[in-house]
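# An overview of the molecular structure
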Amino acid sequence: MQNKEPGMTLIVKTITRLTVGLILLYGIYIVLHGHLTPGGGFAGGVIIALSFVHLMLAFGKEFALKRLSQAAIAISESLGAIMFLAIALLGLVVGGYFFFNFLSKGRPFELFSAGIIPWCNIAISLKVGAGLFAIFTALILFSEARQER
Amino acid sequence: MELQVLLLFMIFAAVVAVEIEDLLSSVIAVGAVGLGLSLAFLILKAPDLAITQLVVEILCLIILIRATIKKDLVLVKDGRWLFNTVSTLVFICFFLVLAYFALKELPHFGQPIMRVAKEYIAYGLQETGATNIVTSVILNFRAYDTLGEVTVLFTAVIGVLAVMRKIGRINAK
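Here the structure is a predicted model, which means the values were calculated and not measured.

When helices and strands are counted, chain B shows seven helices and zero strands. Looking at the 173 residues of chain B, the share that counts as buried comes to 19%. When contacts within chain B are restricted to residue pairs at least 6 apart in sequence, long-range pairs at least 24 apart make up 37% of them. For chain B, the accessible area works out to roughly 13300 Å², and carbon and sulfur atoms hold 72% of it.

Here's what the structure looks like:
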């Protein structure tokens, strides 16, 4: 019954339904706590991308691309880069030099502390996650196009 | 003063590299730009960057020469082997002596000069408010590095998509 659908077997799909949300959540946790614990935008972005790679491996590429279309990937990739640059330029405008930490530092060990650093982490994670997933998608489409030839 | 002369030389070499017809001369002009940059790092008191720049520049020069003009590379095989061997040995000794004086200035193994790092460790939390010191260095003290990394990644993604999607689109028709 399940054989007609793309992707792997029913067991893998069931397990994936349980785990993919947790992986995505863990990636977001790593990004948001980048200034408190080890991790940060690069590592968290890769984990977020891996959750979508997981979806794509288990359910096939149409299912994953329905959740996160290629246009959305391109937009979030560019948005991350522009957001990172905008934070740096805002520092130039507000504080007088590039990458000035213009937001309030807050108290240490709190989630909303360290000024611009969490925002930079979010921007980098958007960029890295979308970029890696875009490369993965391009490679998959490329190999499929090659097999059809 | 030396820095301005060096910058003028580098600009001149870059213009030569773009304008000249011969590929080998162009590659050598690019190498001259890199060596000028290495000397500029040395003048600006950054010896570690100068060494890195020199090594990378030589590697890039070799790769560029092998990649661009592997066909018409002139190799002298016969005759003058004594002159060639002696001159090679002389140049190796010359560079070894220079490397001895250059490497003597580096800190000894296991005794790093922690002047900059000490500042980061002492004032990291106070200046940035981040308790993860690596993040405070990456995204606050050395954010330029991160900006460069992000730019490199962005360029790499665009390059992969440009190369891969062309084939996908032709097949989709």
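Still more ground to cover, so stick around.
The next point concerns the overall build of chain A. Helix and strand counts for chain A stand at five helices and zero strands. Each helix and strand of chain A, ordered N terminal to C terminal, gives the series α-α-α-α-α. At a minimum sequence separation of 6, the contacts of chain A that also span at least 24 residues come to 63%. A total accessible area of about 8300 Å² is found for chain A, and carbon and sulfur atoms account for 72% of it.

Turning to the packing of aromatic side chains, a few remarks are in order. All told, the structure shown has four aromatic pairs over all chains when counted by the stated rule. Ring geometry for Y100 of chain B versus F101 of chain B: centroids 5.5 Å apart, planes at 65 degrees, classification edge-to-face.

Residues and elements named next belong to chain B. At a minimum axis distance of 8 Å, the contact between helix α1 (residues 2-19) and helix α2 (residues 23-43) shows a crossing angle of 165 degrees. Classed by the angle they form, the pair α1 and α2 counts as roughly antiparallel. Between α1 and α2 the crossing geometry is left-handed. Contacts between α1 and α2 pair E2, L3, L6, F9, M10, A13, A14, V16 and A17 from the former with S26, A29, V30, A32, V33, G36, L37, L39, A40 and I43 from the latter.

All names here are of chain B. As a volume, the largest pocket reaches approximately 660 Å³. Along the walls of the largest pocket sit 18 residues, with S38, A50, I51, L54 and F95 positioned nearest its centre. When contributions to the lining of the largest pocket are tallied by element, the ones reaching two or more residues are α2, α3 (47-68) and α4 (81-104). The greatest single-element share of the lining of the largest pocket, amounting to eight residues, is contributed by α3. Looking at the lining of the largest pocket, its residues break down into 15 nonpolar, two polar and one charged.

On to helix α4 (residues 70-95) of chain A. Residue and element names in this part refer to chain A. Here α4 is 26 residues long and its end C-alpha atoms lie 37 Å apart, about the 38 Å a rise of 1.5 Å per residue gives. Residues of α4 that are buried include every one of I73, S76, E77, G80, F84, I87, A88 and G91, and no others. Looking one or two residues past α4, G96 carries a phi angle of roughly 105 degrees, positive in sign.

So, on to the interface of chain B and chain A. The interface is formed by 25 residues belonging to chain B together with 35 residues belonging to chain A. If you sort the residues of chain B by the area they bury against chain A, T131, L139 and M164 of chain B come out on top, with a joint share of 20%. Where chain B packs against chain A, one counts zero residue pairs in polar contact (both at pLDDT 80 or more). For the side of chain B that touches chain A, the secondary structure elements donating two or more residues are α5 (115-128), α6 (133-141) and α7 (143-172) of chain B. Looking at the side of chain B that touches chain A element by element, the count peaks at 14 residues for α7 of chain B. Of the residues in the side of chain B that touches chain A, the class split is 14 nonpolar, nine polar and two charged.

On to the side chain of S136 of chain B. Its place among the elements puts S136 of chain B in helix α6. Not counting the four nearest positions on each side in its chain, S136 of chain B is found in contact with I117 of chain A together with T128, A130 and F141 of chain B.

Right, let's get into the environment of S113 of chain A. All names here are of chain A. Here S113 shows up in the loop between α4 and α5 (117-148). Owing to a relative accessible area of 3%, S113 belongs among the buried residues under this scheme. In this structure the C-alpha to C-alpha distance between S113 and L103, which are ten residues apart in sequence, comes to 8.9 Å.

What follows covers the side chain of T146 of chain B. Relative to the helices and strands, T146 of chain B is located in helix α7. What T146 of chain B contacts, discounting residues up to four positions off in sequence, is F42, F84 and I124 of chain A together with I138 and L139 of chain B.

Residues and elements named next belong to chain A. Core analysis: the largest hydrophobic core is formed by 19 residues, its most contacted members being F52, L55, M56, I73 and F133. Of all the elements in the fold, those that place two or more residues in this core are α1 (10-32), α2 (41-59), α3 (61-67) and α5. With eight residues, the top contributor of residues to this core is α2. Not counting the four nearest positions on each side in its chain, F133 is found in contact with A49, F52, V53, M56, L68 and I73. If you look at the next biggest cluster of nonpolar residues, it comprises 17 residues, including A88, A114, C120 and I124.

On to a nonpolar patch on the surface. Residue and element names in this part refer to chain B. A cluster of nonpolar side chains, namely L35, I51, L54, V55, I58, I62, L103 and L106, defines an oily patch on the protein surface of about 660 Å² accessible area. Ranked by residue count, the leading element in the nonpolar patch is α3, at five residues. Tracing the chain through its elements places L35 in helix α2. Given the relative accessible area of 40%, L35 is considered partly exposed.

Conventions and cut-offs
Residues numbered from 1 in each chain as written. Chains lettered and ligands numbered in written order. Predicted model: local features only at pLDDT ≥ 70, side-chain atom pairs only at ≥ 80, totals over all residues. Heavy atoms only, no water. Helix = DSSP H or I, 4+ residues; strand = E, 2+ residues; numbered from the N terminus. Buried < 20%, exposed > 50% of the residue type's maximum accessible area, 1.4 Å probe, protein only. Contact = heavy atoms within 4.5 Å. Areas by Shrake-Rupley, 256 points an atom, 1.4 Å probe, with all protein chains shown as cover. Phe/Tyr/Trp six-rings, centres within 6.5 Å; stacked < 30°, edge-to-face > 60°. Axes fitted to C-alpha atoms, helices over the stretch in contact; angles between N-to-C directions. Parallel < 35°, antiparallel > 145°, perpendicular 65-115°, else oblique. Left-handed = near helix turned anticlockwise from the far one by under 90°. 1 Å grid on protein atoms, 1.4 Å probe; cavity = no way out; pocket = protein on both sides within 12 Å on 5 of 7 lines; lining within 4 Å. Points joined across faces, edges and corners; volume = space filled by probe spheres on them. Nonpolar A, V, L, I, M, F, W, Y, C, P; charged D, E, K, R; others polar. Expected span 1.5 Å × (residues − 1). Buried area = accessible area lost by both parts, 1.4 Å probe. Polar contact = N/O pair within 3.5 Å; in protein donor to acceptor, adjacent residues only side chain to side chain. Core = buried A, V, L, I, M, F, W, Y, C linked by side-chain atoms within 4.5 Å. Patch = residues over 30% accessible without salt bridge, like charges linked within 9 Å, V, L, I, M, F, W, Y side chains within 5 Å. Salt bridge = Lys/Arg side-chain N within 4 Å of Asp/Glu carboxyl O.

All quantities given are derived from atomic positions and should not be read as evidence of function.
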